[in-house]
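Spelled out, the chains give:
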Amino acid sequence: MSSKSWQQLCADRKKKQVDSIPKEWIITVSTDLKQSVIDVPAQCGLLSPLEIEITETVDLDILLDKLSTGIWTSAQVTTAFYKRAIIAQQLTNCLTEIFIERALARAHELDDYFQKNGKPIGPLHGLPISLKDQFCIKGLETIMGYASWIGPVSEKSCVLVEILYDLGAVPFVRTNVPQTLIWGETYNHVFGRTTNPYNRYMTPGGSSGGEGALLALKGSPLGVGTDIGGSVRIPGAMCGLYTLRPSYERLPYANARNAQEGQESISSTLGPMANSLSAVKRFTKSIIDAKPWKKDPLVVRKEWSSREYALEEHGNGVGMCFAVLWDNGVVKPHPPVRRALEIVKQSLEDAGHKVIDWEPHRHLEIYKNTESIFAADAGQDYRVECAKSGEPLIQTMSPDKDAHPYNLFESYAKTIIGKPELLSAYDLWQLHKEKRVLRKSHLDHWEATVARTGTGRPVDAIIAPVAPYTAVPHGCNSSGRVLYNVIQYPRLCLRRFPSHICR
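In what follows, the accompanying structure is described. (Residues numbered from 1 in each chain as written. Predicted model: local features only at pLDDT ≥ 70, side-chain atom pairs only at ≥ 80, totals over all residues. Heavy atoms only, no water.)

1. What about the packing of aromatic side chains?
Then, in step 1: As enumerated under the stated definition, the model contains six aromatic pairs in all.
Then, in step 2: Geometrically, the ring pair formed by Y82 and F172 is edge-to-face, given 5.2 Å between the ring centres and 90 degrees between the ring planes. Of the two residues, Y82 sits in helix 5 (residues 74-92) while F172 sits in strand 3 (residues 170-175), which places them 90 residues apart along the sequence.
Then, in step 3: We classify Y82 as buried; its relative accessible area is 1%.
Then, in step 4: Between the aromatic rings of W446 and Y489, the centroid separation amounts to 4.9 Å while the plane-to-plane angle is 75 degrees, which identifies the pairing as edge-to-face. Of this pair, W446 sits in helix 16 (residues 425-447) while Y489 sits in the loop between helix 18 (483-486) and strand 12 (491-493), placing them 43 residues apart in sequence.
Then, in step 5: Classification of Y489 as buried rests on a relative accessible area of 5%. (Phe/Tyr/Trp six-rings, centres within 6.5 Å; stacked < 30°, edge-to-face > 60°. Helix = DSSP H or I, 4+ residues; strand = E, 2+ residues; numbered from the N terminus. Buried < 20%, exposed > 50% of the residue type's maximum accessible area, 1.4 Å probe, protein only.)

2. A few points about the environment of R307
Then, in step 1: One can find R307 in helix 11 (residues 306-309).
Then, in step 2: Contacts of R307, omitting those with residues within four sequence positions, involve E312 and E313. (Contact = heavy atoms within 4.5 Å.)

3. Things to note about the packing of helix 4 (residues 60-68) against helix 10 (residues 277-289)
Then, in step 1: Where helix 4 contacts helix 10, the two axes come as close as 7 Å, and the packing angle between them is 60 degrees. Relative to helix 10, helix 4 is oriented oblique. Of the residues in helix 10, those touching helix 4 at L60, D61 and L64 are S278, A279 and R282.
Then, in step 2: Residue composition of the contact of helix 4 with helix 10, grouped by class: three nonpolar, one polar and two charged. (Axes fitted to C-alpha atoms, helices over the stretch in contact; angles between N-to-C directions. Parallel < 35°, antiparallel > 145°, perpendicular 65-115°, else oblique. Nonpolar A, V, L, I, M, F, W, Y, C, P; charged D, E, K, R; others polar.)

Purely geometric stuff here, so don't read any function into it on its own.
Dropping the structure here:
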């Protein structure tokens, strides 16, 4: 380890990041934290009219069509999004790794290929893609919010990055995360706190909060986050994005970094985050079409199904039956969230679908089982990584100064679990056994809805809040979203609305 203190390591690494920003891309930033900065990128004068047009083309199909036909070059698109990403960084502190020359060299390489061959390399040809600071890129650090991870560079890229390069993409920035990853907000000692561009007094969520803030400001056309307890869905809801948390091992995680590596009781998954539903589909289909199971042995060997996407098993999308989870019996959603659920319900009914109430089923038992599994090592994983540099384990996401008043003295997980204890292998097995019982019970509960739907099928999908509230002040996000991770249902966050859970 370095002889420097953890404070010096963090200060030096932050300075390196700041120094990597071109001076001509520096803008003036308002000190009013509660003022929305969502329109600053388009109004600050740094972007040309073409760069504004490029970065505000939120439909990814349109953007990729212009790249694949040569209307826009990859260098043009990458430069435009890089400038906008740097604006977003100055406004919200959303980035970690900035590697402009490397990304532009890749973009020029793709343009040269297109000029020589008259065709794109792959379905993501020329597209800049932002990555959460877990996805290793050869030759770059992957710090993931730990002072002790500053310095060493990856000897090879993770499987996802390898596939993205094969598909013609341009990985161009990496985004901020909380120390340990296991927070629904985004702050660490190395890069600092990420804020919400709609109101910087508020959190963008976490742990993929850097992606959330960057994408909300349209500093990237497509980002990739990870989710074990809500980490793509929370930023999606708090920053107004489309996100997908797929089922276990659907997309390749191999050779990416993670917290609690070796914990396989409940899997983290990676998922796309974007301003358009077309981006979510294009990313997911492109990765699956690349047959990632040939590079990651854990990925399910299942090709993309156009039949399933067309909802053939769900009445071809006609006259479906949805269920709304108004209240899980543990935390009551705030009025704005309830109002969003009512809007979705009315929209579905207007489209000819049936909507029934979802009856909560053993939520608290599932939540306690999940948090007990997460705490099985009594926090040893986090303490070991912090001890390597001497940095303290962060205990709260509240700012040191001017913290928002908060009446919850400890998280609900701590309340129901108590003081964490190191579990034996046998004790962990009992939790696994309990988890199987709970999953089977929830499946039976879902299947039993066939008696209420009128379609001859169980409920086609559940509409539920991502969180019981909208974006909250820093340090005030404490509600867990682990239910559907445990029972293994994919979950789609719809922009500015609650989640749509599919099975």
